[in-house]
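This is what each chain is made of:
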Amino acid sequence: MQRRPSAQLDSGGAPLRSGVLPGDPPTFDLQSHSLHSDGALAPREVVALAVAAGVELLALTDHDTVDGVEEAVQAAAELGIRVVPAVEISAIDSGGRDLHILGYGVDHHDPGFAERLHGYRADRDRRAWAMVDALRELGFALEDDRLRNRADHDQSIGRPHIAEAVVAHPANDARLRAEGRTDSSSFLKGYLIEGRAAFRPRQRPSVAGAIESIHDAGGSAIWAHPFWDISSAAEVLETIDRFRGLGIDGIEGFYTTHTRIQTNLVADHCAELGLLCTGSSDFHGPNHRAFSRFRAFATYGRTPTLGPIRAAARPLAVARP
Ligand SMILES: [Zn+2]
């Protein structure tokens, strides 16, 4: 892909004749995941692929950990791009829904912040094993080794991993066939989403708690991919208003699955409220089913507002021709 000068990052305006919009595909990409959470690659490899794809401003946003940030920052310094120290915190909204709050420009060396993230991961693990127990009580066998292996390597255990551990165990074959849930995603939908028999909620942090942690670590708090988690436009707008009352600094309006209508809705609302409006392709690895390509999102001609996020990128100054 052709590189663009950084100055075009903030250019918005009318569509070009060709239908290609100025600023698309963007040269910033503010979500990516490494082996430190549910990504497939080491931080250094994530940065190298981002560079190859033409990303100039990147954030590594592993779930509930900043353990990969330093490696990403160093790789970025060597490869000539900039990385924003960041994290994606899973937070519990009122009603128990799990929503994601991104923290940008956090001090990833802050021991108090690391301790809080550790506490969140502990709650996440407690919840995962509670769901495993619930599935056993329902009569399912699980390939425990896979889950233990992740836990031993300090990798988070999510519902997809639990569903895979059920589907992979031959003792469940007949029952899964009878129920028509032979693949992990249909099993997850049948048993592990809110309202289903083996679902167990996270208990912490609240959205307000996540925002506070990010602010205390010197960062900006952004609500990630609103339309990935909530489909109703009215509900997204109401939630943005509510989160603004909790101190949110911005919304990820530009996202790989967001439509033009959804993007415009969020960008308009951010402009009205004076919130930042960020974006990402949410890269998880080159073979991921949904999030496999950097810069795979559109601004639809709208202007991203990255505010202090851009200034928080490391290294602080890169000589560019
Ligand atoms: Zn997320």
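Scroll up to find the structure.
Residues numbered from 1 in each chain as written. Predicted model: local features only at pLDDT ≥ 70, side-chain atom pairs only at ≥ 80, totals over all residues.

Counting its regular elements, the chain contains 12 helices and 7 strands. Since a compact globule built from 321 residues should have a radius of gyration of about 20 Å, the 20 Å found for the chain is in line with a globular shape. Contacts spanning at least 24 positions in sequence make up 71% of the contacts within the chain whose residues lie at least 6 apart. (Helix = DSSP H or I, 4+ residues; strand = E, 2+ residues; numbered from the N terminus. Rg over C-alpha atoms; globule rule 2.2 N^0.38 Å. Contact = placed C-beta atoms within 7 Å.)

On to the pairing of strand S7 (residues 276-280), then. Counting buried residues in S7 gives 5 out of 5 residues, a clear majority hidden from the surface. Side-chain alternation along S7 places Leu276, Thr278 and Ser280 on one buried face and Cys277 and Gly279 on a second face that is also buried. Pairing analysis gives 4 bridges linking strand S6 (residues 250-255) to S7, with the strands arranged parallel. In the sheet register, tyrosine 255 faces S7, and the bridge partner there is serine 280. Note on the crossover from S6 through helix H11 (residues 260-273) to S7: the handedness is right-handed. (Buried ≥ 20, exposed ≤ 12 C-beta atoms within 10 Å, placed from the backbone. Pairing = 2+ DSSP bridges. Right-handed = clockwise from strand over helix to strand, strands pointing away.)

Let's shift gears to the sheet that holds strand S2 (residues 57-60). Spatially, the 7 strands line up as an open sheet ordered S1-S2-S3-S4-S5-S6-S7, and their pairing is mixed. Strand pairing shows two members of the sheet lacking a second neighbour, strand S1 (28-29) and S7, which therefore form its edges. In the sheet, strand S5 (residues 220-223) pairs with S6 via 2 bridges, with the strands oriented parallel. Within S6, the residue paired with isoleucine 222 across the bridge is glycine 250. Here helix H1 (residues 43-52) sits on the sheet and contacts S1, S2 and strand S3 (82-92); the angle it forms with S2, its principal contact strand, is near 155°. (Axes fitted to C-alpha atoms, helices over the stretch in contact; angles between N-to-C directions.)

Contact geometry of H1 with helix H2 (residues 69-79) gives a least axis separation of 8 Å together with a crossing angle of 35°. By crossing handedness, the relation of H1 to H2 is classed as right-handed. Between H1 and H2, the residues in contact are Pro43, Arg44, Val46, Val47, Ala48 and Val51 and Glu71, Ala72, Ala75, Ala76 and Leu79, respectively. Looking at the contact of H1 with H2 residue by residue, the class counts come to 9 nonpolar, no polar and 2 charged. (Left-handed = near helix turned anticlockwise from the far one by under 90°. Nonpolar A, V, L, I, M, F, W, Y, C, P; charged D, E, K, R; others polar.)

Tracing the backbone through its elements, the reader meets alanine 86 in strand S3. Remark: the alpha-carbon pair of alanine 86 and leucine 275, spanning 189 residues in sequence, is separated by 18 Å. Apart from the residues lying within four places of it in its own chain, the contact partners of alanine 86 are Ala59, Leu60, Thr61, Leu102, Gly103, Tyr104 and Val106.

Moving on, we get to helix H8 (residues 207-216). Given 3.6 residues per helical turn, the α-helix brings residues three or four places apart onto the same face. All of the buried residues along H8 are Val207, Ala210, Ile211, Ser213 and Ile214. Projected down its long axis, H8 carries its buried residues within an arc of 160°, all on one side. Considering only its buried residues, H8 is in contact with S3, strand S4 (98-104), helix H3 (111-137), S5 and helix H10 (233-245). In the stretch just after H8, glycine 218 is the one whose phi turns positive, near 85°. (Arc of directions from axis to C-beta.)

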